[in-house]
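# Overview (structure and organization)
Each chain, letter by letter, is given below.
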Amino acid sequence: MKEIFHLINSMAPYLLLGFMLAGIMHAFIPNRLYCRYLGGKSFRSVFNAALLGIPLPLCSCGVIPTAMSLRKEGASKGATLSFLIATPQTGVDSIIATYSLMGLPFALIRPFAAFVTALLGGTLMNKLDEGQEELNKVSTRTTAKMVQTFSQKVRSAIYYAFVEMMQDIGKWLLIGLIVAGLITVFVPDSFFAIFSDKPLLSMLLVLIFAIPMYLCATGSIPIAVALMLKGLSPGTALVLLMAGPAVNFASILVISKVMGKKALILYLISIILGAITFGLGIDYLLPREWFTTQLEQMHSCHGEVFSYFNFCCFILLMVILTNAFVRKYLAKDRLCSNNCTCSTHSDSQENVKLYLKIKGMHCNHCKNNAEKAILSVSGVRDVHIDLNSEVTIIYGNPNKNNITSSLKSLGFDVVWESNINDKVNCKCGE
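Presented here is an overview of the structure given in this document. Just so it is clear, the structure is predicted and the values come from calculations on it, not from any experiment. (Residues numbered from 1 in each chain as written. Predicted model: local features only at pLDDT ≥ 70, side-chain atom pairs only at ≥ 80, totals over all residues. Heavy atoms only, no water.)

### What about the pairing of strand β2 (residues 380-385)?
Taking burial as the measure, the six residues of β2 include five buried ones, the bulk of the element. Where β2 and strand β3 (residues 391-396) come together, five bridges link them in antiparallel fashion. Bridging across to β3, His-384 finds its partner in Ile-393. (Buried < 20%, exposed > 50% of the residue type's maximum accessible area, 1.4 Å probe, protein only. Helix = DSSP H or I, 4+ residues; strand = E, 2+ residues; numbered from the N terminus. Pairing = 2+ DSSP bridges.)

So this is what it looks like as structure tokens:
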């Protein structure tokens, strides 16, 4: 427990800052900005997609429906693939957290490596894709946001940063910290010293374990730190930081289904080749001290320095995480959200409700994209989705096939339900 507390205490101020910056980006940067510069089979669209994706705090599951939504709004295949590669590897929160635990060189190289691998994959996709680009414009009501005042945007930023993001990655962050603590306690010192003269072999072994696993960009940091303290080379640690968040088994299946096998192959080649190239570059071309000095100082000073500021940030982070988990897993009547308008639909209950389950949603970004896809279908008046149960209630009289097609285009699977009144207890009127 002491090792886990030390890691969280060191990261807490940077995590809070990173989450807040992510919330500001979410609330104040219009979604249309990300669509405007991604169209056309050109290097510029690929470049823009990588550049826009680097700071976004999306995990490898949340980035898929977001990328597919961009594709539907006119992004080229190359730009979509570039966005898929760059975005999950980093994020403003993970970059700041990387700096806090691993130092400035890692914090700079990590987004740069993500950017280069995204350019490689997107450019190859545009070169090898022989088909003509078909621009599918989404209904304006799926992307148009209600005009908000400054204070409303601030509240939206805070809610996104400290509720939605905490719900999405908080569990994986804690898992990463626990795994790091277990590695620190149970793995012998210099365990990875046997690979000191075989860095390529250690990178291949890390890839075998990292690719099918789900690791978020922030949650992978404490694991990489713990492994480096046991003798893992800095280059191999970078391979873990790149491949772990960027790829997992679920993303492989969805990309293959939605974008095709050619896109999947280029996706995997870009990430694997990029991770190994940058990893070998760090181990053979750059001074090892750049990447180990901060870790050694942190390890040697462990338990000697107590910061009241860090401890206050630690307490605040725990409170926010607890609140997010309670709201996500213990709150009742989740389908009746604050903006629920059940009462407005009571006039015509006989024809307004359709029920379905959306398979493949893992985070709030997935949920938001699913809502947009459903609202884009003619005849839909409103929709409410419960992320945990995957239950969805649709108000209106749309064509079911159109809803199924719209959701499947984002990589989701759909199971229609005849009735879920026995599963959902809505108490909006109480």
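After that view of the structure, there is still more to cover.
### Some remarks on the packing of helix α13 (residues 249-259) against helix α14 (residues 261-285)
Orientation of α13 relative to α14, taken along the N-to-C sense of each, is 140 degrees, at an axis distance of 7 Å. One element, α13, and the other, α14, form an angle in the oblique class. Taking contact as the criterion, the partners of Ser-251, Ile-252, Ile-255, Ser-256 and Met-259 in α13 are, on α14, Lys-261, Ala-263, Leu-264, Tyr-267 and Leu-268. Partitioning the contact of α13 with α14 into residue classes produces seven nonpolar, two polar and one charged. (Axes fitted to C-alpha atoms, helices over the stretch in contact; angles between N-to-C directions. Parallel < 35°, antiparallel > 145°, perpendicular 65-115°, else oblique. Contact = heavy atoms within 4.5 Å. Nonpolar A, V, L, I, M, F, W, Y, C, P; charged D, E, K, R; others polar.)

### Observations concerning the sheet that holds β2
Read across the open sheet, the four strands follow the order β2-β3-β1-β4; overall the sheet is antiparallel. Each edge of the sheet is formed by a strand with only one pairing partner; in this case those strands are β2 and β4 (413-417). Across the sheet, the mean angle from the axis of one strand to that of its neighbour is 30 degrees, orientation sign disregarded. Each of β1 (353-359), β2 and β3 is contacted by helix α18 (residues 364-375), which is oriented at about 160 degrees to β2, the strand it contacts most.

### Some thoughts on the side chain of Ser-76
By the element assignment, Ser-76 lies in the loop between α4 (63-72) and α5 (77-89). Here Ser-76 falls in the buried class, since its relative accessible area comes to 0%. Engagement of the side chain of Ser-76 in a polar contact is seen with the backbone nitrogen of Ala-79, the distance being 3.1 Å. (Polar contact = N/O pair within 3.5 Å; in protein donor to acceptor, adjacent residues only side chain to side chain.)

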